[in-house]
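# Understanding the architecture of this molecule
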Amino acid sequence: MEYAVLNNGLKMPLMGIGTAQIDTADQCEQYVQRAIAAGYRLIDTAAAYQNEEAVGRAIKASGIQRNELFLTTKLWIQDSGYKETKQAFDRSKKRLGVDYIDLYLIHQPIGDIYGSWRAMEELYEAGEIKAIGVSNFSSDRLADLMLFHKVKPAINQIEVHPYCQANEIHQYMQAVNVQTEAWGVFAGGKSCLLKNDELVRLGKKYKKTAAQVILRWMLQRRIVSVFKAVSMEHLKKNIDILDFELTDKELLQMMHFDTRQSIFINYNLPETVQRLGMTRFAI
Ligand SMILES: NC(=O)c1ccc[n+]([C@@H]2O[C@H](COP(=O)([O-])OP(=O)(O)OC[C@H]3O[C@@H](n4cnc5c(N)ncnc54)[C@H](OP(=O)(O)O)[C@@H]3O)[C@@H](O)[C@H]2O)c1
């Protein structure tokens with residue numbers, strides 16, 4: 001596994017598994033156990049995924065030492081605010097059954113993110129969290145958060161895949177030393193991305209699949225990837241990307257897939273904010 005070094009010196013695997021939208025808790029638990037056994041050490045969950053208990057059980061059952069795993073969870077909008085964030089963090093930690101969280105993220109740029117960030121700074125300084133960050137923040141929201149707070153976000157987890165490459169925000173984050181982490185790297189299995197002729201052809205050159213080319217492209221851009229890969233075959237293939245390297249020309253060619261648009265969500269629409277802001281979970 002290769003690692004990113006975050007702006008506070010913490011090492012983070014450059015690739016890991018996401019756990020959103022797994023049908024049942026049992027399936028989630030088995031999936032996380034399979035992934036750990038296959039060599040994955042970065043596990044991404046969120047209070048909103050409502051599976052923290054299952055992830056926690058899988059971690060316990062894995063027999064892998066806690067300090068060898070990198071565990072991310074996220075704060076949902078309904079718990080934004082100083083007091084609410086502290087309470088939500090305690091509940092997440094309890095559900096996961098761990099003593100600390102490696103990375104705690106504000107899941108969406110909506111609600112009282114200032115209050116939440118102040119609570120997260122305190123939890124970070126108390127050693128309850130090894131790094132704090134955000135998700136789905138645009139560059140301007142990130143700049144605003146950094147301007148008025150002591151602790152700089154270590155990470156911004158955003159949508160990145162060949163059809164939505166996030167080049168400008170990635171460049172900005174590199175300039176201000178905030179790590180880019182990608183979700184939806186396979187476009188959620190949508191848009192026939194993994195059947196794209198050019199990606200498939202490029203993969204064949206290296207005896208790899210389109211998915212492996214995408215993960216290699218992410219790795220060479222030093223972007224942390226989290227993906228869902230419930231199937232064992234996918235889990236094994238996705239970690240097998242260290243024995244080939246895309247050329248500079250191929251990296252440049254990848255740029256023409258970019259549509260510069262999300263295929264999932266438009267954060268600029270009031271309806272999006274309204275919909276997300278009204279989404280509540282039993283957490
Ligand atoms: N921060 C946020 O707001 C946010 C939003 C969305 C997602 N996320 C995180 O990102 C994670 C991944 O997102 P996602 O599940 O939406 O999208 P994704 O990882 O882009 O796509 C998952 C799909 O790709 C398939 N797949 C995986 N490896 C493959 C391979 N080698 N060949 C062919 N198909 C392959 C999976 O199939 P199988 O499962 O059948 O193997 C699944 O259908 C989530 O679980 C979550 O942790 C975060």
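Residues numbered from 1 in each chain as written. Predicted model: local features only at pLDDT ≥ 70, side-chain atom pairs only at ≥ 80, totals over all residues. Heavy atoms only, no water.

The protein chain carries the name Glyoxal reductase in an unreviewed UniProt entry, which gives Sporomusa silvacetica DSM 10669 as its organism. Under the Sequence similarities (unreviewed entry) heading, UniProt states for the protein chain: "Belongs to the aldo/keto reductase family." (UniProt positions renumbered as here; feature names shortened; annotations may be inferred.)

## Notes on helix α6 (residues 167–175)
Three or four residues apart is the spacing at which side chains of an α-helix point the same way, because the helix has 3.6 residues per turn. Here α6 has its buried residues at Asn167, Ile169, His170 and Met173. Across the axial projection of α6, the buried residues extend over an arc of 165 degrees, all falling on one side. Exposed residues pointing more than 90 degrees away from the buried face of α6 are listed as Gln171 and Ala175. Where α6 is buried, its residues touch α5 (139–147), β8 (155–159) and β9 (179–183). Two residues or fewer past α6, Asn177 is found with a positive phi of approximately 60 degrees. (Buried < 20%, exposed > 50% of the residue type's maximum accessible area, 1.4 Å probe, protein only. Helix = DSSP H or I, 4+ residues; strand = E, 2+ residues; numbered from the N terminus. Arc of directions from axis to C-beta. Contact = heavy atoms within 4.5 Å.)

## Some points on the packing of aromatic side chains
Under the criterion given, the structure shown has six aromatic pairs. Geometrically, the ring pair formed by Tyr40 and Phe227 is edge-to-face, given 6.0 Å between the ring centres and 80 degrees between the ring planes. Of the two residues, Tyr40 sits in the loop between α1 (25–37) and β4 (42–44) while Phe227 sits in strand β10 (residues 224–227), which places them 187 residues apart along the sequence. A relative accessible area of 3% places Phe227 in the buried class. Centre to centre, the rings of Phe89 and Tyr104 are 5.0 Å apart; their planes meet at 70 degrees, and the pair counts as edge-to-face. Pair noted here: Phe89 is in helix α3 (residues 82–96) and Tyr104 is in strand β6 (residues 101–106), with a separation of 15 residues, a long-range link. (Phe/Tyr/Trp six-rings, centres within 6.5 Å; stacked < 30°, edge-to-face > 60°.)

## Structural notes on the pairing of β8
Every regular strand shows the same layout, with side chains that alternate between the two sheet faces. Burial within β8 is extensive, with five of its five residues counted as buried. Two elements, strand β7 (residues 129–135) and β8, share two bridges in a ladder whose sense is parallel. What sits directly across from Val134, in β8, is Asn156. By the bridge criterion, five bridges tie β8 to β9 in an arrangement that is parallel. Across the sheet, residue Ile155 finds its bridge partner in β9, namely Gln179. (Pairing = 2+ DSSP bridges.)

## Digging into the nonpolar core
Ile17, Val32, Ile43 and Phe227 are the most contacted members of the largest nonpolar core, which has 82 residues in total. It is helix α8 (residues 210–220) that contributes the most residues to this core, eight residues altogether. Discounting chain neighbours no more than four positions away, the residues touching Ile17 are Tyr31, Val32, Ala35, Tyr40, Leu42, Ile43, Asp44, Val226, Phe227 and Leu235. Ala47, Ala48, Trp76 and Ile110 belong to the second-largest nonpolar core, a separate cluster that totals eight residues. (Core = buried A, V, L, I, M, F, W, Y, C linked by side-chain atoms within 4.5 Å.)

## Details of the pattern of salt bridges
Using the criterion set out here, one finds 16 salt bridges in the structure. Among the ionic pairs, Lys74 bridges to Asp44, the shortest N-O distance being 2.6 Å. Of this pair, Lys74 sits in strand β5 (residues 70–75) while Asp44 sits in strand β4, and the two are 30 residues apart along the sequence. Residue classification places Lys74 among the buried residues on the basis of a relative accessible area of 0%. What makes Asp44 buried here is its relative accessible area of 2%. A salt bridge links Lys237 to Glu233, with the shortest nitrogen-to-oxygen separation between them at 3.1 Å. Pair noted here: Lys237 and Glu233 are both in helix α9 (residues 232–239), with a separation of four residues, about one helical turn. Residue classification places Lys237 among the partly exposed positions, given a relative accessible area of 31%. (Salt bridge = Lys/Arg side-chain N within 4 Å of Asp/Glu carboxyl O.)

## As for the site of the ligand
Around the ligand, 28 residues are found, and the nearest of them are Asp44, Gln157, Phe186, His234 and Asn238. At 3.3 Å, a backbone N or O of Val185 approaches an oxygen atom of the ligand. At 2.6 Å, a side-chain N or O of His234 approaches an oxygen atom of the ligand. Relative to its free-state accessible area of 920 Å², the ligand is covered by the protein chains to the extent of 83%. In terms of residue class, the shell around the ligand is built from 12 nonpolar, 13 polar and three charged. (Near = heavy atom within 4 Å. Polar contact = N/O pair within 3.5 Å; in protein donor to acceptor, adjacent residues only side chain to side chain. Areas by Shrake-Rupley, 256 points an atom, 1.4 Å probe, with all protein chains shown as cover. Nonpolar A, V, L, I, M, F, W, Y, C, P; charged D, E, K, R; others polar.)

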